[in-house]
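If you want the building blocks of each chain, they are given just below.
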Amino acid sequence: MATDDAGQRPGIGRGTSRSPGLADPLPHDAFGRLRLADFMAAEHLEQLRGWEYLERCWVGEAWGFTEWLRLESAPEVTRSVAIDLVALPESTAQNMIDALRLPLRAALNQQEITGILGEPTGTERFVRDRVTLVFRIGAAEPYELGCTVHEEQGLIYLTMHPTPLPDQLTASSR
């Protein structure tokens, strides 16, 4: 694993007040240029149009539950990433996590995640055997990061988007 001049792994050891073990994640402009096709063969991806998520309409690419989304109103800028850490090959998932500058890996348990990111700003539980921990990361260019942790498998799913998102809501949410 590469290290910086101080001998630290990128993204680890240079914390902020919100997240003690996390350096600033990828700048928003660099996040906006990422595409799922940067990590997977384009012919294996499903093209999404009119996708509704977070009360907005999106376009983007998907492979199963891994989705890289751009607002319909700004289709050139990636604004949301979801990574299915169980379904993807381990190296592909880790390459995505590394590109986002997150000091995480599949299968981390809840205690390990909070040890890296600090206490979550919220939690969501939709299924009995898993919880989603919601974090606000990045001081200068903030993101909302969701980490879904299965009680036996550990970290199984990540979502990340810049915050705040633009205010264009779907017609059904107005």
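As shown above, the structure is provided for reference.
Remember, predicted model here, so these are calculated numbers, not experimental data.

Trainee: Sorry, what's going on with the nonpolar core here?
Mentor: For soluble globular proteins, nonpolar side chains are generally found buried alongside one another. Counting residues in each nonpolar core, the largest one holds 33 residues, and the members touching the most others are Leu104, Leu145 and Leu158. Among the elements of the structure, helix H1 (28–33), strand E4 (78–84), helix H2 (90–99), helix H3 (110–117), strand E6 (130–137), strand E7 (143–150) and strand E8 (154–162) are those that each provide at least two residues to this core. Apart from residues no more than four positions distant in its own chain, Leu104 is found in contact with Gln94, Ile97, Ile116, Leu117, Leu145, Cys147, Leu155 and Leu158. Grouped together as the second largest cluster of nonpolar side chains are six residues, Trp58, Ala62, Leu69 and Leu71 included.

Trainee: Looking at this structure, how should I read the sheet that holds strand E2 (residues 56–63)?
Mentor: In sheet architecture, strand pairing relies on hydrogen bonds along the backbone and comes in two forms, parallel and antiparallel. If you trace the eight strands from one edge of the open sheet to the other, you get E1-E2-E3-E4-E8-E7-E6-E5, paired in antiparallel fashion. Each having just a single partner strand, strand E1 (46–53) and strand E5 (122–124) make up the two edges of the open sheet. Recorded for the sheet is a direction-independent mean angle of 20 degrees between the axes of neighbouring strands. Bridge count between E7 and E8: eight bridges; the pairing is antiparallel. In the sheet register, Val149 faces E8, and the bridge partner there is Leu155.

Trainee: For this particular structure, what's the right way to read the environment of Gln111?
Mentor: With respect to the element layout, Gln111 can be found in helix H3. On a C-alpha basis, the gap between Gln111 and Gly154 in space is 10.0 Å, while along the polypeptide they are 43 residues apart.

Trainee: Help me understand the side chain of Thr92, please; the structure alone is not making it clear to me.
Mentor: Take Thr92: it is sitting in helix H2. Taking the relative accessible area as the measure of exposure, Thr92 reaches 14% and is therefore buried. For Thr92, the residues in contact, after removing those within four places along its chain, are Phe39 and Met40.

Trainee: Hey, could you run me through the packing of aromatic side chains in this one?
Mentor: Ring pairs (aromatic) are described by centroid distance and by the angle formed between their planes. Summed over all chains, the structure comprises three aromatic pairs. Where Phe39 meets Trp68, the ring centres are 5.4 Å apart and the plane angle is 35 degrees; that geometry is what we call tilted. Residue Phe39 is found in the loop between H1 and E1, and its partner Trp68 is found in strand E3 (residues 66–71); the two are separated by 29 residues along the sequence. Using a relative accessible area of 21% as the deciding quantity, one classes Phe39 as partly exposed. Taking relative accessible area as the criterion, Trp68 reaches 0% and is therefore assigned buried.

The rules behind the values
Note that residues are indexed from 1 along each chain, following the sequence as it is written. This being a predicted model, a pLDDT of at least 70 is required before a residue's local features are given, and a value of 80 or more before pairs of side-chain atoms are given or counted; all residues contribute to the totals for chains, interfaces and linings. Hydrogens and water are ignored here; the side-chain numbers use all heavy atoms of the structure. Put simply, buried Ala, Val, Leu, Ile, Met, Phe, Trp, Tyr and Cys residues joined by side-chain atoms within 4.5 Å make one nonpolar core. Think of it in three bands: residues with accessible area under 20% of the maximum for their type are buried, residues over 50% are exposed, and the middle band is partly exposed, with areas taken using a 1.4 Å probe on protein chains only. Helix numbers and strand numbers start at the N terminus; a helix is a DSSP run of H or I with at least 4 residues, a strand a run of E with at least 2. We call two residues in contact when some of their heavy atoms are within 4.5 Å. Pairing between strands requires that DSSP locate at least two bridges from one strand to the other. Note on geometry: axes are C-alpha line fits, over the in-contact stretch for helices, and angles between N-to-C directions span 0 to 180 degrees. Between 30 and 60 degrees the pair is tilted, below 30 it is stacked and above 60 it is edge-to-face, where a pair is any two Phe, Tyr or Trp rings, Trp via its six-membered ring, whose centres lie within 6.5 Å.

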